[in-house]
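Architecture at a glance
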Amino acid sequence: MRKYQIYINGEWTGEELQTLAVTNPANGQLVGEVPYAGEVETNDAIDAAHTAFQSWSQLTAFERAGYLKKFYQLMLDNQEELAEIMTLEMGKPIKESRGEVQYAASFIEWFAEEGKRVYGETIPSHVHAKRLQVWKKPVGVVAAITPWNFPAAMLTRKMGPALAAGCTVVIKPSSESPLTAIKLLELCEKAGFPRGVVNLVTGSSSKIAKAIMDNEKVRKITFTGSTEVGKILIRQSADQVKKLSLELGGHAPMIVLNDANVDVAVKGAVASKFRNTGQTCICANRIYVQSGIYDEFIEKFATAVKELKVGDGIDETVDIGPLINQEGFEKVTSHVEDAVSKGASVVTGGKAIRDESGAFYSPTVIKDVNESMVVMQEETFGPVAPVQKVESAQEAIKFANSTPYGLAAYVFTENVAKGMQVIEQLDFGIVGWNEGAPSAAQVPFGGMKESGVGREGGHEGIEAFIESQYVAIGME
Ligand code: NAP
């Protein structure tokens, strides 16, 4: 078992600190230990990032792209090791972990190039003796706080644009899955990033967040995680009016209409719902199926779900790994129990698989659910697919929008006009139309309402790390 360190100003450090155990959710075994850092180490990391900012921000975008491209290549060269670390620390099936490493690397590649396209503007003047310009500047030191469910991709989706824009970063990964992030920083070191450009602390989230919030050198916080913690950060960042980007929780509806191709809808539902054991922010969390195809959809969906194999994610043949922890397991169990107690019936699954070491839940389809059930109101974050019968597209849209969340939604219909009409009425930042896996590096990802502020990925993704500086030039 390895004892890991934190990375500050180009040095691996923190061996004198108390440690935090990282365990494999599939079997409870210790995978590693990381330092339990707090305010002192965080301020050291911020100081290093602040000093490094002076020179990193002065490099050309082409020079910064050079470092990012080396990092990108190293991620691909180390795909297998990264994937294995990820599976061991947070349970993701190994084939999905490999896919995440590629997806995570794609953000580094995309933003290495996108940094070269941060254009300023010249605006026509209203008088002869003036020139009006907009210059673009990196925002400064960025603090990046990331969740456990995509330990690589949620980090590179922030690091890529921040570094390409000329910012330096202090990273705080989730305590559930810090080892993937540490391995990524080892690769940054190999790629030759100058000292202080990337820094990483692990440990007490509240102490680290306090140091970030109290330190005026940090100008931007980019966070992915729960809406609950996002709201805390909004309040805490008010004192210094720090810039915030927030990628928060979801509660994605999937609408399947009578004119859908049912096989396509089933494939989309399986892909969206059961990826990462149902622990993604854009998981189809509630499925509304129109009455004309309800029975056919349920039957085909349940048949497909029964094929999914549950087990330790390190096994190549496994589709559904463990839940991240006891709390996650209890939430899933209670959502199913609540639905069944209110009249829903389990079509397949519905079984907790719990031994003394790991917490698994069988992939589950429940039918005849309604909006009184918790599973239709909250993010389940587990392999449970509740299906509700609706009579019309309009009824489905009403249910879909009746949530404070607005991250992702899915629509299945072969009727183009109807598809467009439905999507126009959905208050969600991402829509998969006949598609269960909408994410990519080159597209804007983010939520409406309580699902977040801003977008990551695409050309919008770099804007979060750029300030516009308007310059009026007198010519007399
Ligand atoms: P979380 O509990 O909110 O934690 C996210 C990060 O915030 C972790 O690094 C955590 O550190 C840290 N944190 C916890 N309390 C904090 C505090 N008071 N101040 C500052 N930082 C704090 O979320 P999670 O359970 O890791 O992730 C699952 C959630 O993320 C779900 O709601 C999911 O929908 C959402 N998510 C959203 C997106 C998106 O793109 N919109 C993507 C992925 C996940 P510790 O682990 O050390 O406590």
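All of these numbers come straight from a predicted model, not from anything done at the bench.

**Notes on the domain arrangement of the chain**
Where interface size is quoted, it is often the accessible area lost as the parts come together. Each assigned domain of the chain is listed with its residue range as follows: domain 1 (2-248 + 451-474) and domain 2 (252-440). Centre-to-centre, using C-alpha coordinates, domain 1 lies 31 Å away from domain 2. In this complex, domain 1 contributes 26 residues to the contact, which on the side of domain 2 involves 33 residues. Summing both sides of the interface, domain 1 and domain 2 together bury roughly 2,300 Å²; the carbon and sulfur share of this comes to 55%. For domain 1, the biggest contributors to the area lost against domain 2 are Ala26, Trp148 and Ser451; these three give 22% of the whole. Here domain 1 and domain 2 share two salt bridges between them. Here domain 1 and domain 2 share nine residue pairs in polar contact (both at pLDDT 80 or more) between them.

**Details of the nonpolar core**
The biggest cluster of nonpolar side chains holds 87 residues, and the ones touching the most others in it are Phe71, Met75, Met159, Leu163, Phe193 and Val198. Here this core takes nine residues from helix α4 (residues 94-114), the largest share from any one element. When residues no more than four places from it in sequence are discounted, the contact partners of Leu163 are Trp56, Arg64, Leu68, Val169, Phe193, Val197 and Val198. Grouped together as the second largest cluster of nonpolar side chains are 32 residues, Val256, Ala260, Val262 and Val387 included.

**Things to note about helix α2 (residues 61-77)**
With 17 residues, α2 ought to run about 24 Å at 1.5 Å a step, and its terminal C-alpha atoms sit 24 Å apart, in line with that. Three or more residues of α2 are buried, namely Ala61, Arg64, Ala65, Leu68, Phe71, Tyr72, Leu74 and Met75. Tucked inside the fold, the buried residues of α2 contact α1 (39-56), α3 (79-90), α4, α5 (153-165) and α6 (178-191).

Cut-offs applied
Residues numbered from 1 in each chain as written. Predicted model: local features only at pLDDT ≥ 70, side-chain atom pairs only at ≥ 80, totals over all residues. Heavy atoms only, no water. Domains from an automatic or database assignment. Contact = heavy atoms within 4.5 Å. Buried area = accessible area lost by both parts, 1.4 Å probe. Salt bridge = Lys/Arg side-chain N within 4 Å of Asp/Glu carboxyl O. Polar contact = N/O pair within 3.5 Å; in protein donor to acceptor, adjacent residues only side chain to side chain. Core = buried A, V, L, I, M, F, W, Y, C linked by side-chain atoms within 4.5 Å. Buried < 20%, exposed > 50% of the residue type's maximum accessible area, 1.4 Å probe, protein only. Helix = DSSP H or I, 4+ residues; strand = E, 2+ residues; numbered from the N terminus. Expected span 1.5 Å × (residues − 1).

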